[in-house]
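Here is what each chain is made of, one letter per residue.
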Amino acid sequence: MDRVRREDAQNNVHGEISTGSVRTDFENGKAAMTVGAFDRTLTGLTRAMAVAMMLFVSACAGTPAEEQEAQQPGAVEDPFEDVNRVIFDINLFLDDFLIRPVADGYRYVLAPGARDVVRDFIRNLTTPVQLVNNILQGDWDQALVTTQRFFINTASTGGLVDVAALEGYPFRNEDFGQTMGVGGVVEGPYLVLPIIGPSNTRDTVGMVVDILIDPITWATSSITAGYIGASGGLDARARNVEALDELREDSVDYYARLRSLYTQKRRSEIVNGEADQGSFPTPGLDSQ
């Protein structure tokens, strides 16, 4: 009987060992499967993030610089043309029934000299933005001119009259869109923004950056900053009434004509007008 008991005990031990081995093997297998699933999930997420990043960079970069340089002069990348034309038509409607009448009233109420005061005062307020972009572009000569203009105009007339221009320090507009262009960032797809009008991805980003680095944005209320911006836009529209009327009348495709002229004008501004002007048949549109 003792022998039988010993054999039963041994069988129970072997059974427990076998069961433990199976359980251990199962748990090890389950752990291996879990680790494998985690690895596959992590790999999938990594690949997805990589693809997403590649798509994001491609979308931001637009056409590579080498391909853009190979494009014919005046060629514009416009993959969103259908949407752009819809926004363009809405902008034309708003211009015909709201913006243009207000611009006409502005011209009627204020004499040319008074309108120059509005323009010069707004230009003087934008000096910090101009100076930052001069420095970022490494254009130290223009940075000095911008600084001189600010002190001369502010000290003489509080910025109401561009005395500096009369003394040989002319105004030259600089913005972050131009700064990115100088740095080699391609212009990207052409865009038509509501109310604002022609732009591209680079200039749209640049416009946002200019707003963020403008002290007026932080030192005044949003209403005041918006009023200053709207005043500048209204003054620019009033200065181009005849030019835009003629352009619209003479254009077979007004949208395509403005798209081409805007792109050529911006490309010329990036190189400070040093490109071949023969390839830039822009009319006398004054944005300032």
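Residue positions within a chain follow its written sequence, with the count starting from 1. Since the coordinates come from a predicted model, pLDDT governs what is reported: local features require at least 70, and pairs of side-chain atoms require 80 or more to be given and counted, while whole-chain, interface and lining totals use all residues. Here the side-chain values reflect all heavy atoms present in the structure, with hydrogen atoms and water set aside.

### Looking at the environment of Gly-113
Structurally, Gly-113 is set in helix α4 (residues 112–125). Its relative accessible area of 45% is what places Gly-113 among the partly exposed residues. Placed 48 residues apart in sequence, Gly-113 and Val-161 show a C-alpha to C-alpha distance of 9.6 Å. Counting from the N terminus, the helices are the DSSP runs of H or I reaching at least four residues and the strands are the DSSP runs of E reaching at least two. Throughout this description, buried means an accessible area under 20% of the type-specific maximum (1.4 Å probe, protein chains only), exposed means over 50%, and partly exposed covers the range between.

### A short note on helix α6 (residues 140–157)
With 18 residues, α6 extends 26 Å from end C-alpha to end C-alpha; this agrees with the ideal 26 Å at 1.5 Å per step. The complete set of buried residues in α6 reads Gln-142, Ala-143, Val-145, Thr-146, Arg-149 and Asn-153. One side of α6 holds all its buried residues, which, seen down the axis, span an arc of 160°. Structural note: α6 exposes Trp-140, Asp-141, Leu-144, Phe-151 and Ala-155 on the side pointing more than 90 degrees away from its buried face. Contacts: residue pairs with any heavy atoms within 4.5 Å of one another. Turning to α6, the residues buried within the fold contact α4, α5 (127–136) and α7 (163–166). For a helix, the expected span equals 1.5 Å multiplied by the number of residues minus one. Working definition: the arc comes from the directions between the helix axis and the C-beta atoms, pointing outward to the latter.

### Some points on the pattern of salt bridges
Should the charged atoms of two oppositely charged side chains come close, the side chains can pair. The salt bridge criterion pairs a side-chain nitrogen of Lys or Arg with a carboxyl oxygen of Asp or Glu, the two atoms within 4 Å. For the coordinates displayed, the defined rule picks out 23 salt bridges. Among the salt bridges present, the one from Arg-85 reaches Glu-81, with a minimum N-O distance of 2.9 Å. One end of the pair, Arg-85, and the other, Glu-81, are both in helix α3 (residues 81–109), four residues apart, so they sit about a helical turn from each other.

### Comments concerning the packing of aromatic side chains
In summary, the pairing rule links any two rings of Phe, Tyr or Trp, Trp by its six-membered ring, whose centres are within 6.5 Å, and it sorts them by plane angle into stacked for under 30 degrees, edge-to-face for over 60 and tilted for everything else. Under the criterion given, the structure shown has six aromatic pairs. Seen in terms of ring centroids, Phe-93 and Phe-97 are 4.9 Å apart; in terms of plane orientation they differ by 45°. Their pairing is tilted. Placement of the pair is Phe-93 and Phe-97 together in helix α3, with a separation of four residues, close to one helical turn. Within the aromatic cluster, the residues linked to one another by ring pairs are Phe-88, Tyr-190, Tyr-254, Tyr-255 and Tyr-262.

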